[in-house]
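Single-letter residue listing:
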Amino acid sequence: MENLLYFEELDSTQTYLKEHASALHHGTVVCADRQTAGRGRYDRKWVSAQGGLYFSILLQPVKTDYLPNLTQLMALSVCCALEELDLSPALKWPNDVQVNGQKICGILSEALFTNPNCATVILGVGVNISQDGLDQVGQPATSLKELGAQADKLVLLSNVLDYFWKDYDNLLAHGFDTIRAAYLRRFAALGKPISVRNGTQTISGTAEDISPRGTLLLRSAGQLKEIYIGDVIV
Ligand code: BTN
(Lines give C-alpha, C1' and ligand atoms only; values in the text may rest on other atoms or scores of the structure.)
Protein backbone atom coordinates (compact mmCIF):
# COMPACT_ATOMS: atom_id res chain seq x y z
CA MET A 1 0.00 0.00 0.00
CA GLU A 2 1.37 3.40 -0.98
CA ASN A 3 1.65 6.10 1.65
CA LEU A 4 1.58 3.68 4.59
CA LEU A 5 3.78 4.20 7.65
CA TYR A 6 3.63 1.12 9.85
CA PHE A 7 4.83 1.00 13.48
CA GLU A 8 4.85 -1.78 16.03
CA GLU A 9 4.11 0.74 18.77
CA LEU A 10 3.21 4.42 18.92
CA ASP A 11 1.71 6.62 21.59
CA SER A 12 -1.09 7.35 19.12
CA THR A 13 -1.28 7.27 15.32
CA GLN A 14 -3.44 10.37 15.62
CA THR A 15 -0.83 12.27 17.63
CA TYR A 16 1.93 11.12 15.26
CA LEU A 17 0.12 12.56 12.24
CA LYS A 18 -0.73 15.77 14.08
CA GLU A 19 2.94 16.29 14.90
CA HIS A 20 4.22 15.41 11.42
CA ALA A 21 1.39 16.76 9.26
CA SER A 22 3.40 19.52 7.64
CA ALA A 23 6.05 17.07 6.43
CA LEU A 24 3.66 14.45 5.04
CA HIS A 25 1.42 14.16 1.99
CA HIS A 26 -2.33 14.08 1.63
CA GLY A 27 -3.44 10.46 1.97
CA THR A 28 -0.62 9.33 4.27
CA VAL A 29 -1.81 6.50 6.52
CA VAL A 30 -0.14 5.74 9.85
CA CYS A 31 -0.89 2.37 11.41
CA ALA A 32 0.37 0.84 14.66
CA ASP A 33 0.07 -2.64 16.15
CA ARG A 34 -0.53 -1.09 19.56
CA GLN A 35 -0.85 2.39 21.05
CA THR A 36 0.30 3.43 24.49
CA ALA A 37 -1.86 6.58 24.57
CA GLY A 38 -4.72 5.92 22.15
CA ARG A 39 -7.28 8.71 22.16
CA GLY A 40 -11.04 8.62 21.64
CA ARG A 41 -13.72 11.28 21.20
CA TYR A 42 -14.28 13.78 24.01
CA ASP A 43 -10.75 13.18 25.38
CA ARG A 44 -11.55 9.61 26.28
CA LYS A 45 -8.87 6.99 26.37
CA TRP A 46 -8.91 4.42 23.56
CA VAL A 47 -7.62 1.11 24.87
CA SER A 48 -5.22 -0.08 22.16
CA ALA A 49 -3.77 -3.46 23.03
CA GLN A 50 -2.05 -5.65 20.44
CA GLY A 51 -4.54 -7.29 18.11
CA GLY A 52 -6.67 -4.31 17.07
CA LEU A 53 -6.48 -2.21 13.90
CA TYR A 54 -5.38 1.34 14.75
CA PHE A 55 -4.78 3.82 11.98
CA SER A 56 -5.03 7.50 11.10
CA ILE A 57 -5.17 9.16 7.72
CA LEU A 58 -4.05 12.63 6.75
CA LEU A 59 -6.36 14.60 4.47
CA GLN A 60 -5.26 17.95 3.10
CA PRO A 61 -6.39 20.33 2.13
CA VAL A 62 -10.08 19.87 2.80
CA LYS A 63 -12.78 22.45 2.08
CA THR A 64 -14.53 22.95 5.38
CA ASP A 65 -18.12 22.80 4.00
CA TYR A 66 -18.51 19.06 4.53
CA LEU A 67 -15.90 18.43 7.18
CA PRO A 68 -18.17 16.63 9.73
CA ASN A 69 -19.34 14.28 7.01
CA LEU A 70 -15.87 12.81 6.49
CA THR A 71 -16.20 10.78 9.69
CA GLN A 72 -19.57 9.52 8.51
CA LEU A 73 -18.01 8.43 5.21
CA MET A 74 -15.26 6.63 7.11
CA ALA A 75 -17.81 4.86 9.34
CA LEU A 76 -19.75 3.79 6.27
CA SER A 77 -16.52 2.53 4.67
CA VAL A 78 -15.78 0.41 7.74
CA CYS A 79 -19.32 -1.02 7.57
CA CYS A 80 -18.89 -1.93 3.90
CA ALA A 81 -15.55 -3.64 4.60
CA LEU A 82 -17.06 -5.59 7.53
CA GLU A 83 -19.98 -6.68 5.37
CA GLU A 84 -17.44 -8.44 3.14
CA LEU A 85 -16.69 -10.61 6.20
CA ASP A 86 -20.37 -11.66 6.30
CA LEU A 87 -21.12 -9.44 9.27
CA SER A 88 -24.12 -7.11 9.53
CA PRO A 89 -22.71 -3.92 11.04
CA ALA A 90 -24.86 -0.93 11.90
CA LEU A 91 -24.08 2.75 12.24
CA LYS A 92 -24.66 4.54 15.50
CA TRP A 93 -24.95 8.21 14.57
CA PRO A 94 -22.73 9.96 13.89
CA ASN A 95 -19.80 7.62 13.39
CA ASP A 96 -19.64 4.52 15.58
CA VAL A 97 -19.91 1.10 14.03
CA GLN A 98 -21.66 -1.62 16.00
CA VAL A 99 -22.46 -5.27 15.55
CA ASN A 100 -25.35 -6.69 17.61
CA GLY A 101 -25.55 -3.38 19.48
CA GLN A 102 -21.92 -3.55 20.60
CA LYS A 103 -19.20 -1.18 19.43
CA ILE A 104 -16.64 -2.64 17.04
CA CYS A 105 -15.19 0.58 15.62
CA GLY A 106 -14.74 4.17 16.72
CA ILE A 107 -13.60 7.17 14.68
CA LEU A 108 -11.97 10.38 15.81
CA SER A 109 -11.70 13.44 13.59
CA GLU A 110 -9.37 16.34 14.29
CA ALA A 111 -8.91 19.41 12.13
CA LEU A 112 -6.00 21.83 11.95
CA PHE A 113 -7.16 25.05 10.34
CA THR A 114 -4.80 26.76 7.95
CA ASN A 115 -7.43 29.34 7.01
CA PRO A 116 -11.20 29.56 7.64
CA ASN A 117 -12.09 27.77 4.39
CA CYS A 118 -9.45 25.13 4.39
CA ALA A 119 -8.29 22.51 6.88
CA THR A 120 -5.95 19.63 7.40
CA VAL A 121 -8.03 16.76 8.72
CA ILE A 122 -6.79 13.70 10.56
CA LEU A 123 -9.21 10.80 10.80
CA GLY A 124 -8.33 8.10 13.30
CA VAL A 125 -9.96 4.69 13.19
CA GLY A 126 -9.88 1.88 15.74
CA VAL A 127 -11.37 -1.51 14.86
CA ASN A 128 -11.57 -4.32 17.39
CA ILE A 129 -10.15 -7.44 15.83
CA SER A 130 -8.68 -9.87 18.33
CA GLN A 131 -7.41 -7.89 21.30
CA ASP A 132 -8.18 -8.75 24.92
CA GLY A 133 -9.47 -6.29 27.50
CA LEU A 134 -12.64 -5.16 25.73
CA ASP A 135 -14.57 -5.70 28.97
CA GLN A 136 -12.61 -2.74 30.40
CA VAL A 137 -13.53 -0.11 27.82
CA GLY A 138 -16.59 1.19 29.69
CA GLN A 139 -19.23 0.40 27.10
CA PRO A 140 -20.50 -2.76 25.39
CA ALA A 141 -17.87 -3.69 22.82
CA THR A 142 -17.20 -6.60 20.54
CA SER A 143 -14.46 -7.75 18.18
CA LEU A 144 -14.16 -9.79 15.00
CA LYS A 145 -12.76 -12.64 17.09
CA GLU A 146 -15.79 -12.62 19.42
CA LEU A 147 -18.05 -12.66 16.39
CA GLY A 148 -16.22 -15.62 14.88
CA ALA A 149 -14.91 -13.58 11.95
CA GLN A 150 -11.33 -13.44 10.76
CA ALA A 151 -9.48 -10.74 8.88
CA ASP A 152 -5.93 -9.92 8.02
CA LYS A 153 -5.35 -6.45 9.43
CA LEU A 154 -3.74 -5.00 6.32
CA VAL A 155 -6.35 -6.46 4.00
CA LEU A 156 -9.09 -4.97 6.17
CA LEU A 157 -7.28 -1.61 6.19
CA SER A 158 -6.90 -1.67 2.44
CA ASN A 159 -10.60 -2.54 1.92
CA VAL A 160 -11.74 0.25 4.24
CA LEU A 161 -9.56 2.76 2.36
CA ASP A 162 -10.82 1.57 -1.03
CA TYR A 163 -14.40 2.24 0.03
CA PHE A 164 -13.37 5.59 1.51
CA TRP A 165 -11.53 6.90 -1.57
CA LYS A 166 -14.29 5.67 -3.90
CA ASP A 167 -16.72 8.25 -2.47
CA TYR A 168 -14.31 10.89 -1.12
CA ASP A 169 -14.21 13.34 -4.04
CA ASN A 170 -17.94 13.21 -4.54
CA LEU A 171 -18.62 13.75 -0.84
CA LEU A 172 -16.29 16.73 -0.68
CA ALA A 173 -17.85 18.26 -3.78
CA HIS A 174 -21.53 17.62 -3.04
CA GLY A 175 -21.88 16.69 0.64
CA PHE A 176 -23.47 13.99 2.76
CA ASP A 177 -26.41 13.55 0.41
CA THR A 178 -24.10 11.53 -1.87
CA ILE A 179 -23.87 8.77 0.77
CA ARG A 180 -27.13 9.35 2.63
CA ALA A 181 -29.04 6.37 1.20
CA ALA A 182 -26.18 3.98 2.00
CA TYR A 183 -25.84 5.49 5.48
CA LEU A 184 -29.57 5.27 6.21
CA ARG A 185 -29.68 1.58 5.21
CA ARG A 186 -27.24 0.89 8.05
CA PHE A 187 -28.63 3.37 10.59
CA ALA A 188 -29.92 1.00 13.26
CA ALA A 189 -31.87 3.53 15.35
CA LEU A 190 -34.09 4.78 12.53
CA GLY A 191 -37.64 5.11 13.89
CA LYS A 192 -36.59 4.06 17.39
CA PRO A 193 -36.54 5.89 20.73
CA ILE A 194 -33.06 7.21 21.59
CA SER A 195 -31.34 9.73 23.84
CA VAL A 196 -28.55 12.03 22.69
CA ARG A 197 -26.08 13.55 25.08
CA ASN A 198 -24.14 16.70 24.32
CA GLY A 199 -22.02 17.83 27.23
CA THR A 200 -24.35 17.99 30.21
CA GLN A 201 -27.50 18.08 28.10
CA THR A 202 -29.50 14.99 27.21
CA ILE A 203 -32.42 15.02 24.83
CA SER A 204 -34.72 12.07 24.20
CA GLY A 205 -37.04 11.32 21.31
CA THR A 206 -37.50 9.21 18.20
CA ALA A 207 -34.76 9.06 15.57
CA GLU A 208 -36.87 10.20 12.65
CA ASP A 209 -34.29 10.71 9.91
CA ILE A 210 -30.78 11.74 8.95
CA SER A 211 -30.90 15.01 7.04
CA PRO A 212 -29.18 15.59 3.68
CA ARG A 213 -26.50 17.36 5.77
CA GLY A 214 -25.86 14.31 7.94
CA THR A 215 -27.47 15.77 11.05
CA LEU A 216 -29.80 13.70 13.21
CA LEU A 217 -33.49 14.62 13.07
CA LEU A 218 -35.02 13.79 16.42
CA ARG A 219 -38.76 14.00 17.14
CA SER A 220 -38.89 15.19 20.74
CA ALA A 221 -41.95 16.46 22.63
CA GLY A 222 -43.79 16.84 19.32
CA GLN A 223 -41.05 18.94 17.71
CA LEU A 224 -38.49 17.96 15.11
CA LYS A 225 -35.04 18.89 16.42
CA GLU A 226 -31.89 18.95 14.33
CA ILE A 227 -28.91 17.57 16.24
CA TYR A 228 -25.47 18.54 14.96
CA ILE A 229 -23.26 16.83 17.51
CA GLY A 230 -23.61 14.41 20.40
CA ASP A 231 -23.43 10.87 21.61
CA VAL A 232 -26.39 8.56 21.16
CA ILE A 233 -26.68 6.77 24.49
CA VAL A 234 -29.71 4.51 24.05
C1 BTN B 1 -14.04 6.98 19.67
O2 BTN B 1 -14.95 6.20 19.40
O3 BTN B 1 -14.00 7.58 20.74
C4 BTN B 1 -12.94 7.21 18.64
C5 BTN B 1 -11.81 6.26 18.80
C6 BTN B 1 -10.70 6.47 17.80
C7 BTN B 1 -9.52 5.55 18.06
C8 BTN B 1 -8.49 5.62 16.96
S9 BTN B 1 -7.31 4.31 17.07
C10 BTN B 1 -6.33 5.07 15.87
C11 BTN B 1 -6.35 6.56 16.16
N12 BTN B 1 -5.34 6.88 17.14
C13 BTN B 1 -5.86 7.32 18.29
O14 BTN B 1 -5.22 7.66 19.28
N15 BTN B 1 -7.19 7.34 18.19
C16 BTN B 1 -7.65 6.89 16.90
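Above this text sits the structure in question.
From a predicted model like this one, the values you see are computed outputs, not experimental measurements.

Basis of the calculations
Residues numbered from 1 in each chain as written. Predicted model: local features only at pLDDT ≥ 70, side-chain atom pairs only at ≥ 80, totals over all residues. Heavy atoms only, no water. Near = heavy atom within 4 Å. Polar contact = N/O pair within 3.5 Å; in protein donor to acceptor, adjacent residues only side chain to side chain. Areas by Shrake-Rupley, 256 points an atom, 1.4 Å probe, with all protein chains shown as cover. Helix = DSSP H or I, 4+ residues; strand = E, 2+ residues; numbered from the N terminus. Nonpolar A, V, L, I, M, F, W, Y, C, P; charged D, E, K, R; others polar. Salt bridge = Lys/Arg side-chain N within 4 Å of Asp/Glu carboxyl O. Buried < 20%, exposed > 50% of the residue type's maximum accessible area, 1.4 Å probe, protein only.

(A) View of the site of the ligand. The environment of the ligand is formed by 20 residues, the closest being Ser12, Gln35, Arg39, Arg41 and Lys103. Within the side chain of Thr13, an N or O atom sits 3.0 Å from a nitrogen atom of the ligand. Here a nitrogen atom of the ligand sits 2.7 Å away from a polar atom, N or O, in the main chain of Arg39. For the ligand, the protein covers 99% of the area, taking 410 Å² as the surface of the free molecule. Contributing elements (two or more residues each) for the shell around the ligand: helix H1 (13-20), strand S3 (53-63), strand S6 (102-115) and strand S7 (118-127). If one sorts the elements of the shell around the ligand by residue count, S6 sits on top with four residues. Of the residues assigned to the shell around the ligand, the class counts are six nonpolar, 10 polar and four charged.

(B) Structural context of the pattern of salt bridges. Applying the stated criterion to the full structure yields 13 salt bridges. Two residues, Glu9 and Arg34, come together in a salt bridge whose shortest N-O distance is 2.8 Å. Of the two residues, Glu9 sits in strand S1 (residues 4-10) while Arg34 sits in strand S2 (residues 29-35), which places them 25 residues apart along the sequence. In this structure Glu9 comes out as partly exposed when scored by relative accessible area, which is 41%. Judged by its relative accessible area of 28%, Arg34 is partly exposed. Residue Asp33 pairs with Lys153 through a salt bridge whose shortest N-O separation is 3.0 Å. Within this pair, whereas Asp33 is found in strand S2, its partner Lys153 is found in helix H3 (residues 153-174), the two being separated by 120 residues in sequence. Note on Lys153: relative accessible area 17%, which makes it buried. Where salt bridges share partners, they join Lys18, Arg39 and Glu110 into one cluster.

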